[in-house]
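Fold and geometry: a report
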Amino acid sequence: MTDDFFPEIPPSRPIWLVTLADLALLLVGFFVLIQANQQITNQALAKGLREGFGVTTRLAAPMPVAIGSMGEFAPGSSALPKSPASLSQWARSVTADPRVRLRISGAVDGSPADVEPVTGSSAVLAADRARAVAVALAEAGAVPAARMTITTDPIPGRRAVMLTLGFDGERP
């Protein structure tokens, strides 16, 4: 066989072609470079980025995330350990905006004693605790029931109910 037998290999992609992975690494490198320079403050960096992209107006501050809680539940119990009056006041003030939704997350501490007595389920007990707080808030008129969501979240070592806010968006 001679060299004429093999066809000419067309040139592959140009060396300068940047792949998606290369772009991602460049972006990571850019942020590492920014973080390495301690002389630039976060405010100055944000201002520089806004000016670089031609943004002339100052953006609104992000919505603060408030957290309320009720703790110290007795093991295996969903009875409220204290009066929900202060929690109701807090919930009423933070949900004054009708676009805000309240997320109520019940939790158990994970011990064998902290389960629902009839079913033996920790998930049922966590849901019962969240429901008890939701009922207390609804009875106090703090938050309409339609704006509350009940969930169960693991909070290791805590027999508690956590309340967090979420933006529900504009209503049509």
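Everything here concerns the structure above.
Residues numbered from 1 in each chain as written. Predicted model: local features only at pLDDT ≥ 70, side-chain atom pairs only at ≥ 80, totals over all residues. Heavy atoms only, no water.

What about unusual backbone geometry?
The backbone phi angle of Glu72 is positive, close to 65°, even though this residue is not glycine. With respect to the helices and strands, Glu72 occurs in the loop between strand S1 (67-70) and helix H3 (85-94). You can call Glu72 exposed: its relative accessible area is 68%. (Helix = DSSP H or I, 4+ residues; strand = E, 2+ residues; numbered from the N terminus. Buried < 20%, exposed > 50% of the residue type's maximum accessible area, 1.4 Å probe, protein only.)

Points about the pattern of salt bridges
For side chains of opposite charge, pairing can occur when their charged atoms come near one another. According to the stated counting rule, one finds 3 salt bridges in the structure shown. Residues Arg99 and Asp97 are paired through a salt bridge, measuring 2.8 Å at the closest nitrogen-oxygen approach. The exposure class assigned to Arg99 is partly exposed, which follows from its relative accessible area of 29%. With a closest N to O distance of 2.6 Å, Asp114 and Arg129 form a salt bridge. Of this pair, Asp114 sits in the loop between strand S2 (100-106) and helix H4 (122-139) while Arg129 is found in helix H4, placing the two residues 15 residues apart along the sequence. When sorted by exposure, Asp114 lands in the same class as Arg129, which is buried. (Salt bridge = Lys/Arg side-chain N within 4 Å of Asp/Glu carboxyl O.)

Brief notes about a nonpolar patch on the surface
A contiguous nonpolar surface patch, about 600 Å² in accessible area, is contributed by Leu27, Phe30, Phe31, Leu49, Phe53 and Val55. Element by element, the count of residues in the nonpolar patch is highest for helix H1 (residues 20-36), at 3 residues. Within the element layout of this structure, Leu27 appears in helix H1. By relative accessible area, Leu27 is classed as partly exposed at 49%. (Patch = residues over 30% accessible without salt bridge, like charges linked within 9 Å, V, L, I, M, F, W, Y side chains within 5 Å. Areas by Shrake-Rupley, 256 points an atom, 1.4 Å probe, with all protein chains shown as cover.)

Observations concerning the sheet that holds S1
The strand order across the open sheet formed by 4 strands is S1-S4-S2-S3, and the pairing between neighbours is mixed. Of all strands in the sheet, those bounded by a partner on one side alone are S1 and strand S3 (148-152). The mean inter-strand angle of the sheet, taken between neighbouring strand axes irrespective of direction, is 25°. In the sheet, S1 pairs with strand S4 (residues 161-167) via 4 bridges, with the strands oriented antiparallel. The partner of Ser69 across the bridge, within S4, is Met162. Against the sheet, H4 makes contact with S1, S2, S3 and S4, and its axis sits at roughly 160° relative to S3, the strand it touches most. (Pairing = 2+ DSSP bridges. Axes fitted to C-alpha atoms, helices over the stretch in contact; angles between N-to-C directions. Contact = heavy atoms within 4.5 Å.)

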